[in-house]
Amino acid sequence: ECLDARGESFFSTNVQFSGRGACSVDVPLPTGPCGGYVARLHLAKSDYEHAFQVREFQPNPFEVTVHARPEYAAGDKVEIPVSARYYFGQALSRARVKWTMEMDESGFRPAGFDSFNFLRVSTSSHLAFSGQTRMTNSAGCVITPEMPSNNAAPGPRMASLLVETTDIDQQTVSSSAQCTCHS
C-alpha cells in the first residue's frame, strides 16, 4: 500500500516474491500533493515502511559545460575552459564559479602493452585543492589549477573536477569532468 503526503492511500496491490525473496512493483504516482510519501508492506503479522519524497520537476535554469581534455601530458599547463548558458542561449556573465579538483594515483597502462603489468613501489596518494573565479564574458572562464609534481614516483593521476556555477539570481548548477594528468 502507498500513502500520499496527506496520508491517503492511492495504491494497493498483492506482491509476488521470487524464491530469493525479491519483488518489484511499478507504482503510478497520483497528481496529488508533493511531500513525504510512504510505501508500506504488510507481511504476515509485520508492517515495513519506506518513506520517499515526491517533488515537482524543475529543470536547471542554465547549463554548465566543462571542456577538459581527456589527458594532459607531463609538463603541460592544465587549463580547463568552463562555459555556461541559459537555455534560451544567453551566456552567463559575472557568475561565480567555485571548483574542486581531487586527484588519485592510477595504474600505468600504455597503449599497445595490454598484456604487461607495470607495478609501482610508492604508496598511493590523494590530493584535493579548490579555487574560485568568475565568468567574465560570453567565453566563460578558464580554470588553471596548480598541479603539484610527483618527482618521487612519477606516473598518471586520475583527476575529478567539480564546478559549481552561481548566477546573479543565486541559482547554482554543477557540472563535472574527469581527466588523466601525467607526471
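Residues numbered from 1 in each chain as written. Predicted model: local features only at pLDDT ≥ 70, side-chain atom pairs only at ≥ 80, totals over all residues. Heavy atoms only, no water.

## What to know about the layout of surface pockets
Here the largest pocket is characterised by a volume of approximately 400 Å³. The set of elements that each furnish at least two residues to the lining of the largest pocket consists of strand 3 (35–43) and strand 4 (46–54). Top element by residues in the lining of the largest pocket is strand 3. It accounts for five residues. When the residues that make up the lining of the largest pocket are grouped by side-chain class, the tally is eleven nonpolar, six polar and three charged. (1 Å grid on protein atoms, 1.4 Å probe; cavity = no way out; pocket = protein on both sides within 12 Å on 5 of 7 lines; lining within 4 Å. Points joined across faces, edges and corners; volume = space filled by probe spheres on them. Helix = DSSP H or I, 4+ residues; strand = E, 2+ residues; numbered from the N terminus. Nonpolar A, V, L, I, M, F, W, Y, C, P; charged D, E, K, R; others polar.)

## Comments concerning the pattern of salt bridges
Applying the stated criterion across every chain, the model contains four salt bridges. The partner of Arg69 in a salt bridge is Asp76, and the shortest N-O contact between them spans 3.0 Å. Owing to a relative accessible area of 36%, Asp76 belongs among the partly exposed residues under this scheme. One network of salt bridges, in which partners are shared, links Glu1, Arg40 and Glu49. (Salt bridge = Lys/Arg side-chain N within 4 Å of Asp/Glu carboxyl O. Buried < 20%, exposed > 50% of the residue type's maximum accessible area, 1.4 Å probe, protein only.)

## What to know about the pairing of strand 12 (residues 172–181)
In this sheet, strand 12 lies alongside strand 6 (residues 71–72) in parallel orientation, the contact comprising two bridges. Its bridge partner being in strand 12, Tyr72 is matched across the sheet by Cys181. In the sheet, strand 11 (residues 157–166) pairs with strand 12 via ten bridges, with the strands oriented antiparallel. When the bridges of strand 12 are listed, Leu162 appears paired with Ser176. Connecting strand 11 to the antiparallel partner strand 12 that follows it, the hairpin turn spans five residues, and Gln170 within it adopts a positive phi of roughly 65 degrees. (Pairing = 2+ DSSP bridges.)

## Brief notes about the sheet that holds strand 3
The strand order across the open sheet built from four strands is 2-1-3-4, with neighbouring strands paired in antiparallel fashion. Only two strands of the sheet have a single partner each, and these edge strands are strand 2 (9–11) and strand 4. The pairing of strand 1 (residues 2–3) with strand 3 spans two bridges and is antiparallel. By the bridge assignment for strand 3, Leu3 is matched with Val38.

## Description of the side chain of Asp167
Positionally, Asp167 belongs in the loop between strand 11 and strand 12. Buried charged residue Asp167 carries no salt bridge. Nearest counter-charge: Arg96, at 8.8 Å. At 2.9 Å, the side chain of Asp167 forms a polar contact with the backbone nitrogen of Gln171. Those residues in contact with Asp167, other than ones at most four positions away along the chain, are Phe62, Tyr86, Leu92 and Ala95. (Lys, Arg positive; Asp, Glu negative; His and termini not counted. Polar contact = N/O pair within 3.5 Å; in protein donor to acceptor, adjacent residues only side chain to side chain. Contact = heavy atoms within 4.5 Å.)

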